[in-house]
Protein chains: 2
Amino acid sequence: MHLHFLPLLSRVAVCGGTHGNEMSGIYLVKELLKARKKVMEDEEEKPVSVMLVLSNPRAVQQCRRYIDTDLNRCFTHATLSGPMSDTTPYEIIRSRELNTMLGPKGSPGAVDLVCDLHNTTANMGLCLISYSDCDWICLHIFRHLQANVPLRYIHFDVSNKESYSLDSVGKHGFAMEIGPQPHGVVRSNVYTAMKAGVQHMLDWVSFFNSGNVSEGGFVDVFTMVKRFDYPRDSETHDITAAVHPQLQDRDFCLLHPEDPLFQTFSGETLRYKGKEPLYPFFINECAYYEKGIALSLARKRRVMIPAIRVQTEQEEQSNEQRFTSEEEE
Amino acid sequence: MHLHFLPLLSRVAVCGGTHGNEMSGIYLVKELLKARKKVMEDEEEKPVSVMLVLSNPRAVQQCRRYIDTDLNRCFTHATLSGPMSDTTPYEIIRSRELNTMLGPKGSPGAVDLVCDLHNTTANMGLCLISYSDCDWICLHIFRHLQANVPLRYIHFDVSNKESYSLDSVGKHGFAMEIGPQPHGVVRSNVYTAMKAGVQHMLDWVSFFNSGNVSEGGFVDVFTMVKRFDYPRDSETHDITAAVHPQLQDRDFCLLHPEDPLFQTFSGETLRYKGKEPLYPFFINECAYYEKGIALSLARKRRVMIPAIRVQTEQEEQSNEQRFTSEEEE
């Protein structure tokens, strides 16, 4: 495969508190803001501009996932451009502010990279979640981080048009997800792992921007293919079973046909009736009870990523001209 | 020590959902209600009447700890008898309903035993929490359960006048606390352990009511002596550190002077400066961030409990007469 040339990543956004009770990202963004204040005086301007964003300050203040509706589902083009009124939910108003600040989504003015920090109650370790399995920037960041920390790459196969999360506002973007951590709680080990992940990500961006070649190679990508809800009572809609103890905490361990899936509250075991062995993740995530998701299942694929290098200024200019003429068509 | 004679435990209340996001107790009470409905037809009346109570249905419905204020702090005599108005918080209104249903607190009409089901994000395993270290009923239940499941007994040294929790409404009472489980999540192993705990408790009540002698002996009691808040920013009141990774999840492991207590978000270690080794518990409990409690510390003591047996009817009558004459004084 040939060397690919990609534009400079001059503007990066690190966002926390998109969900107001996912504490690692909230405290990390606050800490980075504090640290920045301290070093402002004696440091020169960095080659990368890093915006630090507390995405949903009202939800953070109340330590709730959201006030009116899930902010991280508000960034579709449809929602961002829909009508507004006095009764528009807070998060829809806030999504437009963030789109103005970091986007507009899909435009040349959008930030180059959005890293949105999340926590899960599932035992998923550190993961990057992205809509693309061929965004070489995201996959090279993944590869660089994986050389330093245990990490997985999850791919949600959703079209650009339907992409709904904050990280979709940037030219490149991903959620950095880490668990297990109860919502509303910060665990020191989880906080520290996220801090290291963000630092390695920024290190790679500097490395890339400085003109270094990032070598190509293979990476494993988990593409989400299926979701299961909890068994529920048809009248009350209450769940009638929990994730089976033999499945709980076994995110990314291959689930085979007939493996235990749920244990009902009366003690019965329900099994996986699918025909294909798949990788479970987001097992028993707190916020997904209301979304009707007990766990997600992924297929693992090996993806070849090419070597990349930042474009020279000349290459960039020619690209910009091409972009402009495309725009004019 | 002599054999003690204690009144029959004819009315027992098992309560879940006192905190609306502590899911094991909620699903257990719902399951027991369902099971009762099923067996109603073919079963004879039990020697014990077990009331199953969903304590805070509005909070359960919203999957939040509480709506206006923490229900499990509303059962002091002062709050139960305070003035009411249009702006009285929902939980204060509800605490009176529960006091009418299960109490009145401190009166002869109160239920004999309240078992209130709770979850914690702390790695505490199964615990009974009580205001007394000399309530032989609670301690015998503890001893019976401990013979069947791993279990600890926590004693909050609070006077009867100041006791504030739902379980204080019964003649005897305790919280059955179990963790770790994130709030808003049910973990099958935690649910099953709680179910077993409740079953063993009810078994012992039947055993006791049938006139059997429960032998005396020694039990270990953890008496709460101290609490620590997280380090906080003096201006924003934000926490500036998390529980140290070496302390996290080590509930009931002796904490020695100079052991790590917190790790600040910039990476510094803060140490325990007390002079006495003590047992930490409720380490990093989600709901206690707002209460300013990062962990509690306990002293362990060995308590001798006497053999007990239920009173004969005759003994009970003579006791009732004594109680009545005390009332009349």
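Residues numbered from 1 in each chain as written. Chains lettered and ligands numbered in written order. Predicted model: local features only at pLDDT ≥ 70, side-chain atom pairs only at ≥ 80, totals over all residues. Heavy atoms only, no water.

Trainee: So what about the overall build of chain A? Which residues, and what values?
Mentor: Counting its regular elements, chain A contains 7 helices and 14 strands. Over its C-alpha atoms chain A spans a radius of gyration of 21 Å, differing by no more than 12% from the 20 Å that the globule rule assigns to 329 residues. Principal-axis analysis of the C-alpha atoms gives chain A an extent of 65 × 50 × 45 Å. Looking at chain A as a whole, 53% of its 329 residues qualify as buried. Total accessible area on chain A is roughly 15000 Å²; 50% of this is exposed by carbon and sulfur atoms. Looking at chain A, you have 34 positive and 43 negative side-chain charges, and the mean spots of the two groups are 4 Å apart. (Helix = DSSP H or I, 4+ residues; strand = E, 2+ residues; numbered from the N terminus. Rg over C-alpha atoms; globule rule 2.2 N^0.38 Å. Buried < 20%, exposed > 50% of the residue type's maximum accessible area, 1.4 Å probe, protein only. Areas by Shrake-Rupley, 256 points an atom, 1.4 Å probe, with all protein chains shown as cover. Lys, Arg positive; Asp, Glu negative; His and termini not counted. Charge placed at Lys NZ, Arg CZ, Asp CG, Glu CD.)

Trainee: Can you lay out the interface of chain A and chain B for me, pointing to particular residues and giving the numbers?
Mentor: Listed by partner, the interface residues are 30 residues for chain A and 30 residues for chain B. For the pairing of chain A and chain B, the buried interface totals around 2500 Å² over both sides, and the portion due to carbon and sulfur atoms is 52%. At the boundary of chain A with chain B, the tally comes to 4 salt bridges. With its nearest N and O atoms 2.8 Å apart, the salt bridge here joins D238(B) to K30(A). (Contact = heavy atoms within 4.5 Å. Buried area = accessible area lost by both parts, 1.4 Å probe. Salt bridge = Lys/Arg side-chain N within 4 Å of Asp/Glu carboxyl O.)

Trainee: Describe the confidence of the model for chain A, naming the residues involved and giving the relevant values.
Mentor: Predicted confidence across chain A gives a mean pLDDT of 93, with 92% of residues reaching 70 or more. Note on residues 325-329 of chain A: pLDDT is under 50 here. Beyond four places in sequence and across chains, it has 0 contacts. (pLDDT = per-residue confidence, 0-100.)

Trainee: I'd like a rundown of the relation of the copies chain A and chain B, residues and numbers included.
Mentor: Overlaying chain A with chain B gives an RMSD of 0.0 Å, the required rotation being 180 degrees about an axis along which the chain moves by 0.0 Å. Such a combination of turn and shift is consistent with a two-fold rotation axis. Distance from the rotation axis, computed per C-alpha, reaches its smallest value in chain A at P182(A): 2.4 Å. (Least-squares fit on C-alpha atoms with pLDDT ≥ 70 in both.)

Trainee: Go over the environment of A298(B) with me, naming the residues and quoting the values.
Mentor: All names here are of chain B. Within the element layout of this structure, A298 appears in strand β13 (residues 295-305). A298 gets classed as buried once you look at its relative accessible area, which sits at 0%. Placed 142 residues apart in sequence, A298 and F156 show a C-alpha to C-alpha distance of 9.4 Å. Once you skip the residues sitting within four places of it in the chain, A298 turns out to touch F222, T223, M224, V225, L278, Y279 and F281.

Trainee: Talk me through the pairing of strand β8 (residues 217-228) of chain B; I want residue IDs and the actual numbers.
Mentor: All names here are of chain B. Relative to β8, strand β6 (residues 152-155) runs parallel, the two sharing 2 bridges. Within β8, the position partnered with H155 by the bridge is T223. The pairing of β8 with β13 spans 11 bridges and is classified as antiparallel. Among the inter-strand pairings, F222 is bridged to a residue of β13, identified as K300. (Pairing = 2+ DSSP bridges.)

Trainee: Explain unusual backbone geometry residue by residue, including any values.
Mentor: Residue and element names in this part refer to chain A. Cis geometry marks the peptide bond from G103 to P104; its omega dihedral reads 0 degrees. Its place among the elements puts P104 in the loop between α4 (90-102) and β4 (113-119). Looking along the chain, the bond that leaves G179 and enters P180 is cis, with omega of 10 degrees. Relative to the helices and strands, P180 resides in the loop between β7 (172-179) and α6 (188-209). Of note, D249 is a non-glycine position whose phi angle comes to about 75 degrees, a positive value. Tracing the backbone through its elements, the reader meets D249 in the loop between β9 (241-243) and β10 (260-264). Looking at D249, the relative accessible area reads 27%, which means it is partly exposed.

Trainee: Can you tell me about the packing of aromatic side chains, naming the residues and giving the values?
Mentor: Within this structure, the stated rule accounts for 27 aromatic pairs over all chains. On the basis of an interplanar angle of 85 degrees and a centroid distance of 5.7 Å, the ring pair of Y131(B) and Y164(B) is categorised as edge-to-face. Placement of the pair is Y131(B) in the loop between β5 (125-130) and α5 (136-146) and Y164(B) in the loop between β6 and β7 (172-179), with a sequence separation of 33 residues. Exposure class is identical for Y131(B) and Y164(B). Each is buried. Taken together, the ring pairs in this structure connect F156(B), F222(B), F252(B), Y279(B), F281(B), F282(B) and Y288(B) into an aromatic cluster. One residue, R58(A), lies across the ring of Y90(A), its end atom 4.1 Å from the ring centre. (Phe/Tyr/Trp six-rings, centres within 6.5 Å; stacked < 30°, edge-to-face > 60°. Lys NZ or Arg CZ within 6 Å of the ring centre and 35° of its normal.)

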